[in-house]
Amino acid sequence: MMAIVNILLITFIFITWSSNLSFCLDQPKKDPNHIRCTNNFNCSAHAYCHQSGICQCKEHYIPDREPNIPGKKAYHTVCLREASFIGDHCKKDIQCKSTFGVHSECYFSDSNSQLGGCQCTKEAHYKNGMCHKTSLIGDRCDVNDNCFTKSTNIQAYCDLGRCICPPMYHPTADAYDCQPSSGLGGPCLDDTGCTVLNSGCRYGFCRCKQKFVTGDRNDSCLILAEKLEDPCVVHDQCSVALQNARCDEEKGICVCENDSHNVDGKCWKTVRFLEPCRYNSECLIEKGFKHGITCKEGLCQCKDGFVMEEQSYCLKVNSTETNAGHALSPKVHLYGGLLLMIIIIRFKSV
């Protein structure tokens, strides 16, 4: 019987002690969420007395503590308004973090300012209502929203822990954006977006780089020729870099155009006797002394010391034979006189 009484007594003492302990643990804490109240007047601004008898901040407000006296440990309750949008006014980081996450902050543009604005930290960016830690293309990531692109209409992805561009897109050189993988004529942001070898981004579109021209099918960039007889596929390889040149499609090399001729590795427009000219190299004869013709007074004529023969070639004066082995014709002097008369008549008509 005594044993039962002792057990009941011990049980009573334990229950009473536990109850007192629970009472101690349930005592209101000195923080904004556990201030005892009987009505709303017991609570601070933007707070109300909950049916539990504890002050709580109103909807869209967040609890915080401020020191009663700067530098002292005593605090009082405040309810700060939560930010709704990036850029909203704030006094503390908690107003921003409660809405936009741990990568947001209350930024003060001036150290003396009492009011700041909510923004993402320098290491983060705003997307889908939150501030996410920024990962560039190729960087490590946890979720798709970590992956940052300047172009808001392009979504990069977190794939196997790395940010990648969507299909048919390439990262820009600085890894800050994704751009279409473009052929010649397609849109681009920099050279990395152009897929054709030896192409680059010029004025927002993929074009062949300098010293290259577009192939016939607009799907390749071909190198320009540097000299005659260089290999070629299209005429532009020759004509762009070499004057009066074309591509001989049968031989696959650069040659002079049909109405031009080669002098010292350059193509010159062919000018015949008594035709207008600008350069000595333009003047061409088929036989005789080829160096005996020159551009003189705006016309292709025989040089001094040479005379025209049959209006087709020049013979050296006092030579007893032509370079073909024929005797010098007595008509040479006659043609020389006629040439002089033609020149005089021409200038008088001008």
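Described below are features of the structure shown in this document. None of the values given here were measured: they were computed from a predicted structure. (Residues numbered from 1 in each chain as written. Predicted model: local features only at pLDDT ≥ 70, side-chain atom pairs only at ≥ 80, totals over all residues. Heavy atoms only, no water.)

### Some words on the state of the cysteines
Here is step 1 of the chain: Counted according to the given criterion, the structure contains 18 disulfides.
Here is step 2 of the chain: Disulfide pairing is shown between cysteine 147 and cysteine 163; the S-S distance is 2.1 Å. Taking the sign of the torsion about the S-S bond as the criterion, the disulfide between cysteine 147 and cysteine 163, at about -90°, is left-handed. With cysteine 147 in the loop between strand 9 (130-133) and strand 10 (157-159) and cysteine 163 in strand 11 (residues 162-164), the pair connects residues that are 16 residues apart, well separated along the chain. When sorted by exposure, cysteine 147 lands in the same class as cysteine 163, which is buried. (Disulfide = S-S within 2.5 Å. Helix = DSSP H or I, 4+ residues; strand = E, 2+ residues; numbered from the N terminus. Buried < 20%, exposed > 50% of the residue type's maximum accessible area, 1.4 Å probe, protein only.)

### Some thoughts on the pattern of salt bridges
Here is step 1 of the chain: As enumerated under the stated definition, the model contains six salt bridges in all.
Here is step 2 of the chain: When the shortest N-O distance is used, the salt bridge between lysine 92 and aspartate 64 registers 2.7 Å. With a gap of 28 residues between them, lysine 92 in the loop between strand 5 (89-90) and helix 2 (93-100) and aspartate 64 in strand 3 (residues 61-67) connect regions that are remote in the sequence.
Here is step 3 of the chain: According to the relative accessible area criterion, lysine 92 is partly exposed, its value standing at 28%.
Here is step 4 of the chain: Note on aspartate 64: relative accessible area 16%, which makes it buried.
Here is step 5 of the chain: The partner of lysine 269 in a salt bridge is aspartate 259, with the nearest N and O atoms 3.0 Å apart. A residue pair is termed long-range when its members are at least 10 positions apart, and lysine 269 in strand 21 (residues 266-269) and aspartate 259 in the loop between strand 19 (253-256) and strand 20 (260-263) qualify at ten residues.
Here is step 6 of the chain: Taking relative accessible area as the criterion, lysine 269 reaches 32% and is therefore assigned partly exposed.
Here is step 7 of the chain: Within this structure, Glu257, Asp259 and Lys269 form a network of salt bridges that share partners. (Salt bridge = Lys/Arg side-chain N within 4 Å of Asp/Glu carboxyl O.)

### Section: helix 2
For the α-helix, the turn length of 3.6 residues means that residues three or four positions removed from each other point alike.
Here is step 1 of the chain: Considered for burial, the residues of helix 2 that qualify are Gln95, Cys96 and Phe100. The arc that holds every buried residue of helix 2, seen down its axis, measures 95°, which confines them to one face.
Here is step 2 of the chain: Tucked inside the fold, the buried residues of helix 2 contact strand 4 (75-81), strand 5, strand 6 (104-107), strand 7 (116-120), strand 8 (124-127) and strand 9.
Here is step 3 of the chain: At the C-terminal side of helix 2, glycine 101 shows a positive phi close to 95°. (Arc of directions from axis to C-beta. Contact = heavy atoms within 4.5 Å.)

### A word on the packing of aromatic side chains
Here is step 1 of the chain: If you walk through the whole model with that rule in mind, you get three aromatic pairs.
Here is step 2 of the chain: Seen in terms of ring centroids, phenylalanine 148 and tyrosine 176 are 6.3 Å apart; in terms of plane orientation they differ by 85°. Their pairing is edge-to-face. Taken together, the residues phenylalanine 148 in the loop between strand 9 and strand 10 and tyrosine 176 in the loop between strand 12 (169-171) and strand 13 (178-180) connect sequence positions 28 residues apart.
Here is step 3 of the chain: In this structure phenylalanine 148 comes out as partly exposed when scored by relative accessible area, which is 22%. (Phe/Tyr/Trp six-rings, centres within 6.5 Å; stacked < 30°, edge-to-face > 60°.)

### Some thoughts on the pairing of strand 14 (residues 199-202)
Here is step 1 of the chain: With four bridges joining them, strand 14 and strand 15 (residues 205-208) adopt antiparallel strand pairing. When the sheet's bridge partners are listed, glycine 200 is paired in strand 15 with arginine 207.
Here is step 2 of the chain: Connecting the antiparallel pair strand 14 and strand 15 is a turn made up of two residues, with tyrosine 203 showing a positive phi of about 55°. (Pairing = 2+ DSSP bridges.)

### Things to note about the environment of cysteine 302
Here is step 1 of the chain: The topology assignment puts cysteine 302 in strand 23 (residues 299-302).
Here is step 2 of the chain: Between the alpha carbons of cysteine 302 and cysteine 314 there is a distance of 5.8 Å; along the sequence they are twelve residues apart.
Here is step 3 of the chain: Excluding residues within four positions of it along the chain, cysteine 302 makes contact with Phe273, Gly292, Ile293, Val307, Met308 and Cys314.

### Section: the environment of valine 271
Here is step 1 of the chain: Among the structural elements, valine 271 can be located in the loop between strand 21 and strand 22 (293-296).
Here is step 2 of the chain: Linking valine 271 and histidine 261, residues ten residues apart in sequence, is a C-alpha distance of 9.7 Å.
Here is step 3 of the chain: Those residues within four positions of valine 271 in sequence are excluded, and the remaining contacts are Pro276, Cys277, Glu282, Cys283, Leu284 and Cys300.

### Observations regarding the pairing of strand 18 (residues 245-248)
Here is step 1 of the chain: Where strand 18 lies against strand 19, four bridges are found, and the strand directions are antiparallel. Bridge pairing in strand 19 links cysteine 247 to cysteine 254.
Here is step 2 of the chain: In this structure, the hairpin formed by strand 18 and strand 19 is closed by a connection of four residues, where glycine 252 is found at a positive phi of approximately 70°.

### Considering a negative patch on the surface
Here is step 1 of the chain: A cluster of like negative charges, contributed by Asp216, Asp236, Glu249 and Glu250, occupies part of the molecular surface.
Here is step 2 of the chain: Tracing the sequence through the fold places aspartate 216 in the loop between strand 16 (212-214) and strand 17 (221-223).
Here is step 3 of the chain: You can call aspartate 216 exposed: its relative accessible area is 70%. (Patch = residues over 30% accessible without salt bridge, like charges linked within 9 Å, V, L, I, M, F, W, Y side chains within 5 Å. Areas by Shrake-Rupley, 256 points an atom, 1.4 Å probe, with all protein chains shown as cover. Lys, Arg positive; Asp, Glu negative; His and termini not counted. Charge placed at Lys NZ, Arg CZ, Asp CG, Glu CD.)

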